[in-house]
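# Chain and residue survey
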Amino acid sequence: MLSRRIIPCLDVRDGQVVKGVRFRDHVVMGEIVDLALRYRDEGADELVFYDITASPEGRSVDRGWVEKVARAIDIPFCVAGGIRSVDEARAVLHAGADKISVNSPALERPALIDELAAAFGVQCVVVGIDSLRDADGEWRVRQYTGDPAKTQALSRRTLDWLVEAQQRGAGEIVLNCMGSDGVRRGYDLEQLSVARALCRVPLVASGGAGEPEHFRDAFLEADVDGALAASVFHSGAIAIPELKRYLRGRDVTVRIA
Amino acid sequence: MDVVLVDAGGTNIGSVRYALQRLGVDAALTSDAAAIRGADKVILPGVGAAGPGMARLRELGLVDVLRSLEQPVLGVCLGMQLLCARSEEGDTECLGLIPAPVRRFTEAPGLRVPHMGWNRLSVQRPHPLLAGLGDDDQAYFVHSYAVPVGDWTLATADYGGAFSAVIAHGNFHGMQFHPERSAAVGARLLKNFLEL
């Protein structure tokens with residue numbers, strides 16, 4: 001049986017891990033490699049690093065720390081941040097990342113997903129989607145969410161983009177439900193369940209984890225493959241070993257490190 | 001010990017090299033036939049597709065080199081699939097060193113492809129490569145194609161049915177998962193290979 005994955009997300013800014021609330025007001029959480037090793041030791045199944053300012057600043061991810069992380073840890077990790085071309089993706093993968101995740105650049109130029117899948121295989125290509133429900137009740141995607149001043153609301157419906165991204169070669173989807181992000185009241189089970197029904201590749205929930213029950217609900221009710229969280233892990237509010245024991249006790253298949 | 005990593009263009013070569021360094025082994029990255037023939041252990045990593053993977057080995061003139069090896073050889077992920085007979089991925093003839101086919105996972109409700117994540121290893125046949133592997137040990141997989149269970153199978157994993165997670169035939173071995181990304185379990189299996 002495939003285990004459900006617990007994925008700490010590390011937002012990287014100027015070479016350090018930071019965390020904001022509702023994508024704003026970032027505070028420094030610690031050094032990248034130190035936190036990566038801590039999570040590996042605690043039993044994280046995978047790590048995601050978002051260079052949150054790369055895309056709004058129009059630059060690609062800094063490869064120096066990618067190689068440091070690759071040397072230090074022995075669990076898979078994904079890198080996101082302003083990857084706009086096959087060459088930039090190759091540099092990050094060659095530095096040791098297992099997967100690359102594209103978000104804003106894929107919205108700018110959707111063919112990027114096709115190109116990445118053709119070059120590296122779909123298993124390397126994650127598409128991140130930042131999604132918010134609008135006043136008319138539709139979920140729509142947001143772009144450049146790393147910088148509140150540059151964040152844009154697009155007319156593109158989240159679910160349409162989810163389907164198109166898979167058709168183009170996304171091997172995994174990370175759905176970040178911005179309405180629930182950072183407030184620890186639980187994942188957006190309604191949106192995730194609708195997305196799950198349209199998602200044939202692995203789906204990772206993001207945004208809203210506050211209690212161990214929230215992870216259980218995402219796995220058992222929305223049937224997601226992985227659950228991503230940041231602040232609850234960084235702050236120590238939830239310890240991964242206890243979280244996994246809790247989940248295993250509730251019939252969620254997990255890896256106990 | 002002289003360990004070489006065959007540079008066939010896969011993107012996970014760095015990760016495998018770092019994993020070996022953590023075990024105290026500095027493996028050379030090479031596509032040189034003499035270096036490969038002369039090594040104590042040969043590892044064929046690989047991420048990508050079977051067709052381009054075989055094309056690259058042909059371009060580098062390594063097909064016959066790999067077929068002639070008598071020392072322990074380990075294929076990882078796509079590298080393991082390239083050691084097999086034939087892959088459904090692009091209907092590709094592979095190296096034929098392990099007489100196994102490679103087939104695509106069939107999507108089904110609840111069965112997403114690629115198979116991505118940690119899955120439990122189940123030992124089917126005792127082998128030094130699997131020394132110390134426990135009942136609850138899991139490894140990290142990322143793949144859309146898999147080798148069915150057969151005479152070559154040392155360990156299986158379950159994803160809509162059992163498939164080969166670890167295979168061997170003579171001096172040729174394969175791991176479908178990524179030992180370099182499978183924490184302590186992966187490190188042990190790599191160490192086992194180095195000690196064959």
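So, a few notes on the structure that sits alongside this text. (Residues numbered from 1 in each chain as written. Chains lettered and ligands numbered in written order. Predicted model: local features only at pLDDT ≥ 70, side-chain atom pairs only at ≥ 80, totals over all residues. Heavy atoms only, no water.)

Residues and elements named next belong to chain A. A full pass over the atoms with the stated rule returns 35 salt bridges over all chains. Linking Arg-84 and Glu-108 is a salt bridge whose minimum nitrogen-to-oxygen distance equals 2.8 Å. Here Arg-84 is found in the loop between strand S5 (77–80) and helix H3 (86–94), whereas its partner Glu-108 is found in helix H4 (residues 104–108), with 24 residues between them in sequence. A salt bridge links Asp-225 to Arg-196, with the nearest nitrogen and oxygen atoms 2.8 Å apart. Of this pair, Asp-225 sits in the loop between helix H8 (212–220) and strand S12 (226–229) while Arg-196 sits in helix H7 (residues 189–198), placing them 29 residues apart in sequence. Its relative accessible area of 9% is what places Arg-196 among the buried residues. (Salt bridge = Lys/Arg side-chain N within 4 Å of Asp/Glu carboxyl O. Helix = DSSP H or I, 4+ residues; strand = E, 2+ residues; numbered from the N terminus. Buried < 20%, exposed > 50% of the residue type's maximum accessible area, 1.4 Å probe, protein only.)

Between chain B and chain A, the residue contacts involve 29 residues of the former and 39 residues of the latter. Carbon and sulfur atoms supply 50% of the area that chain B and chain A bury against each other, a total of about 2,800 Å² over both sides. For the interface between chain B and chain A, the tally reads five salt bridges. With a shortest N-O distance of 3.6 Å, A:Arg200 and B:Glu107 are connected by a salt bridge. Our enumeration of links across chain B and chain A arrives at 18 residue pairs in polar contact (both at pLDDT 80 or more). If you list the elements that add at least two residues to the side of chain B that touches chain A, you get helix H1 (13–22), strand S8 (115–120), strand S10 (138–143) and helix H6 (183–194) of chain B. At six residues, the largest contribution of residues to the side of chain B that touches chain A is made by S8(B). For the side of chain B that touches chain A, the residue count by class is 11 nonpolar, 10 polar and eight charged. (Contact = heavy atoms within 4.5 Å. Buried area = accessible area lost by both parts, 1.4 Å probe. Polar contact = N/O pair within 3.5 Å; in protein donor to acceptor, adjacent residues only side chain to side chain. Nonpolar A, V, L, I, M, F, W, Y, C, P; charged D, E, K, R; others polar.)

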